[in-house]
Amino acid sequence: MNAKKVLVVSAHPDPRSLTSALAAFAVGHLRAAGHEVRVSDLYAMKWKATVDADDFPDGGPAEDADGARLRVMAASQEATLAGRLTPDVVAEQEKVRWADAVVLQFPLWWFGAPAILKGWIDRVFTAGFAYGPTLPPPYGEGVLGGRRALVSVTAGARETAFSDRGIHGELADVLFPLQHGLFWFTGMAPLPPFALYDANVLSEERFAAARRAYAERLDGLFTDAPVPFRSLTGGDYDHDMRLLPGVEAPGAAGGLALHRREDGRNDETGDRVSAGDGAGAGMRVGGASTGS
């Protein structure tokens, strides 16, 4: 395999946590395979998680004429295009541009990413950098096209709770805002997520098995087929961005699954995925409760 460049973004307040251990394992494994790796450990960086007027210095169209309202999208696009973003945001955008793949490592808290990671997304993926009227259209042809993305999560709940009939909903649906709304929207090709369930009770034996399973996924970071999301410009959607009637196969599942092709082929890469079509490769590793 040719050497690639990978950005690993980790979000957990305790460097002794399972999340931090998995992030360190990923970094070590990827480097041992010959890849170049950069790391954004958001808690160690004391990352500012909130978007506010301080993110857009020197004015611009951030406010109405009376100065009463911050228009975040307009302000972020103006600051991006004018080169006036804050140094911390610029540094993270450069890491994303540099990377051939982005790995997000985090615990699943309240069915989503920790606030600090959401804040990294909000502040780094600005208008004019990751989306906007002057950039390629979203969902398949985005400006960050050509990159791979992998979400690796820990969850305290049992795997069955995230299954097709599980009370928490399928993991693919829980992670849809990241997989489809962040990665695919900006052009990155997301792989099925890697998940460790029952994450609060973890023996050394089970952690060793988890590392082996994670290593397989990291080894396939640039060869495994991505989730087969439909492209906005591939002929499946109308002008109002609604899926055309009859595009899905008769009897196909509804909901968010409609936005995945039944033939398993990714519209941009042409690659196929297996029957799991984006549900994720999970591993059960102990007791129950919340992510670690």
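Right, let's walk through the structure included here. Bear in mind that the values here come from a model prediction, so they are computed numbers and not experimental data.

1. Quick notes on unusual backbone geometry
Even without a glycine there, the phi angle at Lys46 is positive, about 55 degrees. Turning to its location among the elements, Lys46 is positioned in the loop between strand 2 (36-41) and helix 2 (72-81). One non-glycine residue with positive phi stands out, namely Trp110, at about 50 degrees. Residue Trp110 is classed as exposed on the basis of its relative accessible area of 82%.

2. Thoughts on helix 7 (residues 204-219)
Compared with an ideal rise of 1.5 Å per residue, which puts 16 residues at 22 Å, helix 7 spans 22 Å between its outermost C-alpha atoms and is within 8% of the ideal. Residues of helix 7 that are buried: Phe207, Ala208, Ala209, Ala210, Tyr214, Ala215, Arg217 and Leu218.

3. Description of a nonpolar patch on the surface
On the surface, a nonpolar cluster with roughly 190 Å² of combined accessible area is contributed by Val51, Leu70 and Val72. Mapped onto the elements, Val72 comes out in helix 2. Note on Val72: relative accessible area 40%, which makes it partly exposed.

4. Focus on the layout of surface pockets
Space inside the largest pocket adds up to approximately 270 Å³. As for the largest pocket, its lining consists of 20 residues, and the residues nearest its centre are Ile121, Asp122, Phe125, Thr126 and Tyr131. The residue makeup of the lining of the largest pocket, split by class, is 12 nonpolar, five polar and three charged.

5. Describing the pattern of salt bridges
Considering all chains together, one arrives at nine salt bridges under this definition. For Asp55, the salt bridge goes to Arg123, with nearest N and O atoms at 2.9 Å. Of the two residues, Asp55 is situated in the loop between strand 2 and helix 2 and Arg123 in helix 4 (residues 115-124); the sequence distance between them amounts to 68 residues. You'll find Asp55 and Arg123 in the same group, each marked buried. Where salt bridges share partners, they join Lys48, Asp52, Asp55, Asp88 and Arg123 into one cluster.

So, how was this worked out
Residues numbered from 1 in each chain as written. Predicted model: local features only at pLDDT ≥ 70, side-chain atom pairs only at ≥ 80, totals over all residues. Heavy atoms only, no water. Helix = DSSP H or I, 4+ residues; strand = E, 2+ residues; numbered from the N terminus. Buried < 20%, exposed > 50% of the residue type's maximum accessible area, 1.4 Å probe, protein only. Expected span 1.5 Å × (residues − 1). Patch = residues over 30% accessible without salt bridge, like charges linked within 9 Å, V, L, I, M, F, W, Y side chains within 5 Å. Areas by Shrake-Rupley, 256 points an atom, 1.4 Å probe, with all protein chains shown as cover. Salt bridge = Lys/Arg side-chain N within 4 Å of Asp/Glu carboxyl O. 1 Å grid on protein atoms, 1.4 Å probe; cavity = no way out; pocket = protein on both sides within 12 Å on 5 of 7 lines; lining within 4 Å. Points joined across faces, edges and corners; volume = space filled by probe spheres on them. Nonpolar A, V, L, I, M, F, W, Y, C, P; charged D, E, K, R; others polar.

Structural measurements only, silent on function.
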